[in-house]
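Structural description and commentary
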Amino acid sequence: LYDGRLGTAEAFWPHPIAIDGNLTRALLGEIAVDHAFLGADLRLAPASPGKAERLRVFLGHPRACFYVNCEEAQLISGRKVASSEAAAVAMIKAGAARVLVTDGSEPAMDADRSGGLVCRPPQVTPRRITGAGDTFMATHIAAEMAGVPRQAALRQAVAEAAAYVSGEKRPWAG
């Protein structure tokens, strides 16, 4: 981003950059205001509920998209939530430009300031949980980069995460 290979001051990098809460608060704060990231499509994942609050610095960023579960949305927004819909509303009210919220086997939401989309995941028997959020996020970003419409991208991400949780898919097998 700084040496011109991925954009310049006149033409910022416009593509997705995945950022997670494992980075330090200081570094996340720098990224949130750094001119090199202004045009990027920032995709944010807390990495764990314990690191969710680190991403608050991106509330108000016009190109930040949060990928969170209900607990993480509650921590970032500072509002108590009981569903993915309530979590999405809380995140948007707190300043998120866009948010995708998952809630296990309950409906997932994709919301921005203009409204939201909902998708109910297929019912599966969970065999693993760790990695479901990463699978959801990776599938969603790939679908959007391929030009898949917003509702269909959400459906794909939900279906892929459910298949992963059920054990039908090996981790990162595509």
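Further up the page is the structure itself.
Residues numbered from 1 in each chain as written. Predicted model: local features only at pLDDT ≥ 70, side-chain atom pairs only at ≥ 80, totals over all residues. Heavy atoms only, no water.

1. Some details on the nonpolar core
Counting 30 residues, the largest nonpolar core has Leu42, Leu44, Phe58, Phe66 and Val99 as its most contacted members. Mapped onto this core, the elements with two or more residues apiece are strand E1 (16-20), helix H1 (25-33), strand E2 (41-45), strand E3 (64-69), helix H2 (70-77), helix H3 (84-94), strand E4 (98-103) and strand E5 (106-112). In terms of residues, this core owes the most to one element, H3, which gives five residues. With sequence-adjacent residues up to four places away left out, Leu44 is seen in contact with Ile19, Leu55, Phe58, Ala64, Cys65, Phe66, Tyr67 and Met137. Counting 13 residues, the second-largest nonpolar core is a separate cluster that includes Ala45, Tyr67, Val158 and Ala161. (Core = buried A, V, L, I, M, F, W, Y, C linked by side-chain atoms within 4.5 Å. Buried < 20%, exposed > 50% of the residue type's maximum accessible area, 1.4 Å probe, protein only. Helix = DSSP H or I, 4+ residues; strand = E, 2+ residues; numbered from the N terminus. Contact = heavy atoms within 4.5 Å.)

2. With respect to unusual backbone geometry
Positioned with a positive phi, Ala47 is a non-glycine residue whose angle comes to about 80 degrees. With respect to the helices, strands and loops of the structure, Ala47 is situated in the loop between E2 and E3. Using a relative accessible area of 47% as the deciding quantity, one classes Ala47 as partly exposed.

3. As for the side chain of Asp41
Within the element layout of this structure, Asp41 appears in strand E2. Non-local contacts of Asp41, meaning those with residues more than four positions away in its chain, are made with Pro14, His15, Pro16, Ile17 and Arg63.

4. Examining the packing of helix H4 (residues 132-145) against helix H5 (residues 150-166)
Interhelical geometry of H4 versus H5 gives an angle of 150 degrees and a closest axis separation of 8 Å. By the angle between their directions, the pair H4 and H5 is classed as roughly antiparallel. The element H4 and its partner H5 pack so that their crossing is right-handed. Here H4 contributes Ala132, Thr135, Phe136, Thr139, His140, Ala143 and Glu144 to the contact with H5, which in turn contributes Arg150, Ala153, Leu154, Gln156, Ala157, Val158, Glu160, Ala161, Tyr164 and Val165. Counted by class, the contact of H4 with H5 contains 10 nonpolar, four polar and three charged residues. (Axes fitted to C-alpha atoms, helices over the stretch in contact; angles between N-to-C directions. Parallel < 35°, antiparallel > 145°, perpendicular 65-115°, else oblique. Left-handed = near helix turned anticlockwise from the far one by under 90°. Nonpolar A, V, L, I, M, F, W, Y, C, P; charged D, E, K, R; others polar.)

5. Regarding H3
Within H3 the residues assigned to the buried category are Ser84, Ala87, Ala88, Ala90, Met91 and Ile92. Residues of H3 that are buried make contact with E3, H2, E4 and E5. Count one or two residues on from H3 and you reach Gly95, which has phi positive near 120 degrees.

6. Some words on the packing of aromatic side chains
A full pass over the atoms with the stated rule returns one aromatic pair. Aromatic side chains Tyr67 and Phe136 sit 6.3 Å apart centroid to centroid with 70 degrees between the ring planes, which places their arrangement in the edge-to-face category. Here the residue Tyr67 occupies a position in strand E3, and Phe136 occupies one in helix H4, the gap between them amounting to 69 residues. With respect to burial, Tyr67 and Phe136 carry one shared label: buried. A cation sits over an aromatic face here: Arg128 above Tyr164, 4.0 Å from the ring centre. (Phe/Tyr/Trp six-rings, centres within 6.5 Å; stacked < 30°, edge-to-face > 60°. Lys NZ or Arg CZ within 6 Å of the ring centre and 35° of its normal.)

7. A few points about the sheet that holds E4
Pairing is mixed in the open sheet, where six strands are placed in the order E1-E2-E3-E4-E5-E6. Whereas interior strands pair on both sides, the edge strands pair on one side only; in this sheet they are E1 and strand E6 (115-119). Mean inter-strand twist for the sheet, computed between neighbouring axes without regard to direction, equals 15 degrees. Sheet analysis places E5 next to E6, joined by five bridges and oriented antiparallel. Note on E6: the bridge partner recorded for Ala111 is Gly116. (Pairing = 2+ DSSP bridges.)

8. Side note on the pattern of salt bridges
According to the stated counting rule, one finds seven salt bridges in the structure shown. Here Arg98 and Asp110 are joined by a salt bridge, their closest N and O atoms 2.7 Å apart. Of this pair, Arg98 sits in strand E4 while Asp110 sits in strand E5, placing them 12 residues apart in sequence. One salt bridge connects Asp110 with Arg150, and the closest N-O pair in it is separated by 3.0 Å. You can see Asp110 sitting in strand E5 and its partner Arg150 sitting in helix H5, a full 40 residues away along the chain. The exposure class assigned to Asp110 is buried, which follows from its relative accessible area of 0%. We classify Arg150 as partly exposed; its relative accessible area is 26%. Residues joined by salt bridges that share partners form a network here, namely Asp41, Arg43, Arg98, Asp110, Asp112, Glu144 and Arg150. (Salt bridge = Lys/Arg side-chain N within 4 Å of Asp/Glu carboxyl O.)

The quantities given are spatial measurements derived from coordinates; they are silent on function.
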